[in-house]
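# Coordinate analysis (summary)
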Amino acid sequence: MSNTVLTIANLHAELRAGRKTGPGILRNVSLTVHQGEMHGLVGESGAGKSMIARAILGILPRSILISDGSIDCLGRQMVGLADSDRRKILGRDISLIPQDPLTALNPARRIGAQMTDVMRLHLGWSRARAHDAALALLNEVHIRDAEAVLRRYPHELSGGMRQRVLIATAFACEPKLIIADEPTTALDVTVQKQILRLLREMQNRHGTAILLVTHDLGVVAKMCRSLSVIHSGMIVEQGEVSDIVTRPEHAFTRALFAATPRYDRPADALSPVPGEVVRELEEKAATFDRARAGLS
Amino acid sequence: MAEPAQQHRLSAGLARRLMGDWRVVVGGSIFAVLAILAIGASLIAAIDPLEQDLLLELLPPAWVDGAEPGMLLGTDSLGRDVFSRLVHGSRIALAVAVVAGVLTATLGTVLGLVAGYFGGLADSVISRLVDIWTSFPPVLLAIILVALLGTGLHSVIIAIVVIDWTRFCRVVRAEVMQQRRMDYVDSAVTIGLGRIAILFREILPNILPLVIVLLTLEMGIAVIVEAILSFVGLSLSSDTPTWGGMIAEGRQVIHQAWWVMSFPLLMVVVTVLGFNLLGDGLRATLDPTLRR
Ligand SMILES: Nc1ncnc2c1ncn2[C@@H]1O[C@H](COP(=O)(O)OP(=O)(O)OP(=O)(O)O)[C@@H](O)[C@H]1O
Ligand SMILES: [Mg+2]
């Protein structure tokens, strides 16, 4: 408790259609993020990475329900938390860096208004004070001419700039945990590296714990100390990055490594995750679903 | 200082686009002229619009033989100055257009926001209400309402608001249902903003251009409704000059004096045309900003 900021234990989430329980979206997910660390959450598209992020924040789609398990964030139980209590935590203790910085910003409001909202709301700051803080934050994320940027609308900034703005905003209230859901997927390759570097720089300066969601094991290997590998809503491997990189326990992680592009290898050396590994995991997933169907 | 320049360039961009649309320019000019007439009525038309002079009855406009100097558009059957009555009538027309328009827009928009954003019971109730409302013929509803409320400007305004809020409600509801699925709404939730704050501070700015367009069209409708109700004698007493009232009076002397009815009719037509042009022009220029 003392040095963990996030503890997810045996989390199950299911797709609900009417009264019927559909297939599992998350199956027995457990993971822990310690104070000030960057934890990588890796998996293929559709594995359920965003669902974990959304479950923590309480913004799951209406059709998806948490059926079991707990999410403890800074000593508070996030599952079933009342909206009014959740609102006090979101933005102040936990914040989000979203995947697509264009759509995540409101097209009809100036950057300044959007950046200052969170500080005025949680810290009770005046417009002027929040404005000054926003300027300082923009300087921190290396945006020049910050005063002008605050007056612009999102579509007037480049993708990289928008993501810098969102990173700055995520740190505004000095949260204990930041969830970064594929923060670079929507960006150019050259910009991706800069943004990742910036993220680590900000994390070092503020000592914030970050749950870094990505499908790129290479990124996790560079950025994180610990990681969880997810497939079909199940955590298939978990531990220290140094251990897993040198000797992955699970065939899926090995295959994922083989499928990770590396600059020192030609592109045709990439290999997809083998079918039998995936089939083995699908069977395991089906077993989970059957067990839960029997329970309910 | 770079930043005010930046802001200036932004608004200059929008201004240039608005000025580049002839409908906005023509419609806006008509609205501006009308506003000047309404505000400066007693300066522009020095003759008292109520002053009767039976010796001067049914005088023709200035460019026709037998006109009296100073009476630009002639006089009506009671010898009152038509130009002065037109100018003072624009006060009523504009007041009704603005007040009824804004009130209608506010009521309809708020209900549309609530229905579209909260869904569920609120949406069912509001949507059902809209369905029932729109199944009544509006002109009939207006006449019944004013008959119940009694004549007068406030009844005219109430009637317009009560009848036309559904125009705004429908469009706004549909738009909000689209907007609330956008990523930026999720972002607002994750910084801890409440639902009301999200609705009014995040979503409303995105549908405001749409509301402005509808409001412009609504002002045109309000002018017509006021004219119709004045025409049938359900608006203001005949003391106050209104375009609808002038049309009704002019109709009785149309064979002797065409000008008494024609000028107010022309004012109504031009005004409504102006509001419609402005609305269409704004729709074309503001929509790209809305959708980016
Ligand atoms: N609104 C929804 N309703 C029902 N199922 C959904 C919904 N959104 C996603 N899913 C399902 O939930 C599963 C997990 O999706 P999730 O978005 O978490 O994947 P992800 O790991 O984030 O993938 P990506 O890398 O593409 O973002 C997927 O199988 C997807 O089909
Ligand atoms: Mg995702």
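Preceding this paragraph is the structure being described.
A few points on the structure. (Residues numbered from 1 in each chain as written. Chains lettered and ligands numbered in written order. Predicted model: local features only at pLDDT ≥ 70, side-chain atom pairs only at ≥ 80, totals over all residues. Heavy atoms only, no water.)

## Focus: the site of ligand 1
Residue and element names in this part refer to chain A. What surrounds ligand 1 is a group of 14 residues, the closest being S45, G46, K49, S50 and E182. Within the backbone of A47, a nitrogen or oxygen atom sits 3.2 Å from an oxygen atom of ligand 1. Note that an oxygen atom of ligand 1 is positioned 2.9 Å from one of the backbone N or O atoms of M51. Contact with the protein chains covers 63% of the free accessible surface of ligand 1, which is 630 Å². (Near = heavy atom within 4 Å. Polar contact = N/O pair within 3.5 Å; in protein donor to acceptor, adjacent residues only side chain to side chain. Areas by Shrake-Rupley, 256 points an atom, 1.4 Å probe, with all protein chains shown as cover.)

## Section: the pattern of salt bridges
Residues and elements named next belong to chain A. On inspection of all chains with the given rule, the structure shows 20 salt bridges over all chains. R92 is paired through a salt bridge with D93; the nearest N and O atoms lie 3.4 Å apart. Among the residues examined, R92 registers a relative accessible area of 30% and is labelled partly exposed. Judged by its relative accessible area of 11%, D93 is buried. (Salt bridge = Lys/Arg side-chain N within 4 Å of Asp/Glu carboxyl O. Buried < 20%, exposed > 50% of the residue type's maximum accessible area, 1.4 Å probe, protein only.)

## Re the sheet that holds strand β8 (residues 209-214) of chain A
Residues and elements named next belong to chain A. Spatial ordering of the open sheet is given by β6-β7-β8-β3-β9-β10, a layout of 6 strands whose pairing is mixed. Sheet topology places β6 (94-97) and β10 (234-240) at the edges, where each strand pairs with a single neighbour. Across the sheet, the mean angle from the axis of one strand to that of its neighbour is 15°, orientation sign disregarded. Pairing of strand β9 (residues 226-231) with β10, which is carried by 6 bridges, proceeds in the antiparallel orientation. Opposite I230, over in β10, you have I235 as the bridge partner. The sheet contacts of helix α1 (residues 49-57) involve β3 (38-42), β6, β7 (177-181), β8 and β9, and relative to β7 the element is tilted by about 145°. Where helix α6 (residues 159-170) meets the sheet, its contacts fall on β6 and β7, and the angle it forms with β6 comes to roughly 175°. (Pairing = 2+ DSSP bridges. Helix = DSSP H or I, 4+ residues; strand = E, 2+ residues; numbered from the N terminus. Axes fitted to C-alpha atoms, helices over the stretch in contact; angles between N-to-C directions. Contact = heavy atoms within 4.5 Å.)

## Re the environment of P101(A)
Residue and element names in this part refer to chain A. Along the chain, P101 falls in the loop between β6 and α3 (111-122). By relative accessible area, P101 is classed as buried at 2%. Taking the C-alpha atoms as reference, P101 lies 5.3 Å from Q163; in sequence the two are 62 residues apart. Beyond its immediate chain neighbours, meaning those up to four positions away, P101 contacts G159, R162, Q163, L166, A186 and L187.

## Description of the pairing of β7(A)
Residues and elements named next belong to chain A. Among the 5 residues that make up β7, 5 are buried, leaving the element largely enclosed by the rest of the structure. In β7, alternate side chains face the same way, and those of L177, I179 and D181 on one face and I178 and A180 on the other are all buried. Pairing of β6 with β7, which is carried by 4 bridges, proceeds in the parallel orientation. Paired with I94 across the strands is L177, a residue of β7. Both β7 and β8 contribute to a ladder of 5 bridges, which runs parallel. When the bridges of β8 are listed, D181 appears paired with V213. Since β7 and β8 lie parallel, the crossover through helix α7 (residues 189-206) that links them has a hand, and here it is right-handed. (Right-handed = clockwise from strand over helix to strand, strands pointing away.)

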